[in-house]
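Read off the chains here:
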Amino acid sequence: LDAAADGRPFYTMRVVRGRSLREVIDDNADQNKARTPLARLLGTFRQVCLAVDYAHSRGVVHRDLKPENIMVLENPGQRGHVKVLDFGISKADWFEQDHTPSLTGTSEVFGTPTHMSPEQVRSARNVDHRTDIWSLGVVLYEVMTGKEPFIAESLPALSAMIVSDEPVPPSHLRPDLPAEVERLILRCLAKRPDQRPQSVHDLAQEVAPFTSPTSRAHLDRIFAIALAKHLSMSTGAAGVSGPYPSQRNTSNAWGTTHQRRLKTRNGIAVGVGLGLVLFSAISVAIIAT
């Protein structure tokens, strides 16, 4: 955020050149194109986990993780690097509820339905970091199979499937999928949050053996640096819960739906500001697999 000479505020945003993970998935499903090796796909997914893990360590839940919000860069010197985008409906534990008393109603659809966890379907406000773990499970299912685990003709039918139905095992769509990766995907898609991996760091560690050695080495180094920085910043934190020192299990949220964005300009300003800060803070630049 900066200000012009006449005092008017403006934002300067970085141009991100590349392809969304959705485009990568679609290309990988095209029989006329070479299939991306599994180790490279999982290396890309692990980069996503690293970025989301950092956001969680700062008390931020994304709530809209999907392939369209993940960019794989194609810039010279950055090919294969990953950026996680669009924190426009994030939930921040440190953004107190009295700042946005009426921005989010428990009955609103708040997120992308195909990637929402069962608890997010019921109430977008009353979720914690494990809703992102569900969404990452959906993303990993798509990366491996080219299809979403839950598809229906209407929102009510889709919501019912997410809450009640089990997904088709991904190995039915991709027979060469390692059994351990399939089990991990299905654990991420457990209906109960306490049956999923309990942190994105754990998820990234379970994916690691299936990525290339070069990718693992670079990601492990970057994670160690990020973790050390976080621990030095959060020393002395008290009265918090969950796997991350700065994260509290609160029910407050910021952000809004399209209709409320039109009505709540202050909410927009805060949302854009936080989104830009997070975009800069957790963009992950790692040597490609």
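The sections below set out a description of the structure shown in this document. (Residues numbered from 1 in each chain as written. Predicted model: local features only at pLDDT ≥ 70, side-chain atom pairs only at ≥ 80, totals over all residues. Heavy atoms only, no water.)

Structural notes on the nonpolar core
Threshold: Side-chain atoms within 4.5 Å are what join buried Ala, Val, Leu, Ile, Met, Phe, Trp, Tyr and Cys residues into a set we call a nonpolar core. Burial classes follow relative accessibility: with a 1.4 Å probe on protein chains only, a residue under 20% of its type's maximum area counts as buried, one over 50% as exposed, and anything between as partly exposed. Each helix corresponds to a stretch of at least 4 residues labelled H or I by DSSP, and each strand to a stretch of at least 2 residues labelled E; elements are numbered beginning at the N terminus. Throughout, a contact is declared for two residues whenever any of their heavy atoms are within 4.5 Å.
Counting 42 residues, the largest nonpolar core has L21, F45, L136, M144, I185 and L203 as the members making the most contacts within it. Counting only elements with at least two residues in this core, the list comes to α1 (21-29), α2 (38-57), β5 (70-73), β6 (82-84), α4 (130-145), α5 (155-164), α6 (179-188) and α7 (200-207). I185 has contacts with G137, L140, Y141, M144, P170 and L177, leaving out every residue within four places of it along the chain.

Describing the layout of surface pockets
Under the convention used in this document: Cavities and pockets were defined on a 1 Å grid built over protein atoms only: a cavity is a set of grid points that admits a 1.4 Å probe from which the probe cannot escape, a pocket is an open set flanked by protein on both sides within 12 Å along at least five of seven lines, and lining residues are those with an atom within 4 Å of any such point. Grid points are joined across faces, edges and corners, and a volume is the space filled by probe spheres set on the points. Gly falls in the polar group here, along with every residue not listed as nonpolar (Ala, Val, Leu, Ile, Met, Phe, Trp, Tyr, Cys, Pro) or charged (Asp, Glu, Lys, Arg).
In this model, the largest pocket occupies a volume close to 420 Å³. Lining the largest pocket are 20 residues, with R19, V24, T36, R40 and V72 sitting closest to its centre. Among the elements of the structure, α1, α2 and β5 are those that each provide at least two residues to the lining of the largest pocket. Tallied by class, the residues present in the lining of the largest pocket amount to seven nonpolar, six polar and seven charged.

Thoughts on the packing of α4 against α6
The description of two packed helices rests on the angle between their axes and on the distance between the axes. Here is the rule we go by: All axes are obtained by fitting lines to C-alpha atoms, using only the stretch in contact for helices, and the reported angles, taken between N-to-C directions, cover 0 to 180 degrees. An angle counts as roughly parallel when it lies under 35 degrees, as roughly antiparallel when it exceeds 145, as roughly perpendicular when it falls between 65 and 115, and as oblique in every other case. Crossing chirality is assigned from the near helix's rotation relative to the far helix, an anticlockwise turn below a right angle marking it left-handed and a clockwise turn marking it right-handed.
Direction vectors running N to C along α4 and α6 enclose 140°, while the axes themselves pass 8 Å from each other. Classified by the angle between their axes, α4 and α6 sit oblique to one another. Crossing angle aside, the handedness with which α4 passes α6 is left-handed. Residue-level contacts link I133, W134, G137, L140, Y141 and M144 of α4 to V181, I185 and C188 of α6.

Let's talk about the packing of aromatic side chains
We count it as follows: The rule is short: rings of Phe, Tyr and Trp, with Trp giving its six-membered ring, pair when the centres are within 6.5 Å, and they are stacked under 30 degrees, edge-to-face over 60, tilted in between.
Enumeration over the complete set of coordinates arrives at one aromatic pair. Relative to F150, the ring of W134 lies with its centre 5.9 Å away and its plane at 10°, an arrangement referred to as stacked. Highlighted residues: W134 in helix α4 and F150 in the loop between α4 and α5, separated in sequence by 16 residues. Assessed through its relative accessible area of 0%, W134 is described here as buried. Relative accessible area serves as the criterion here: at 1%, F150 is assigned to the buried category.

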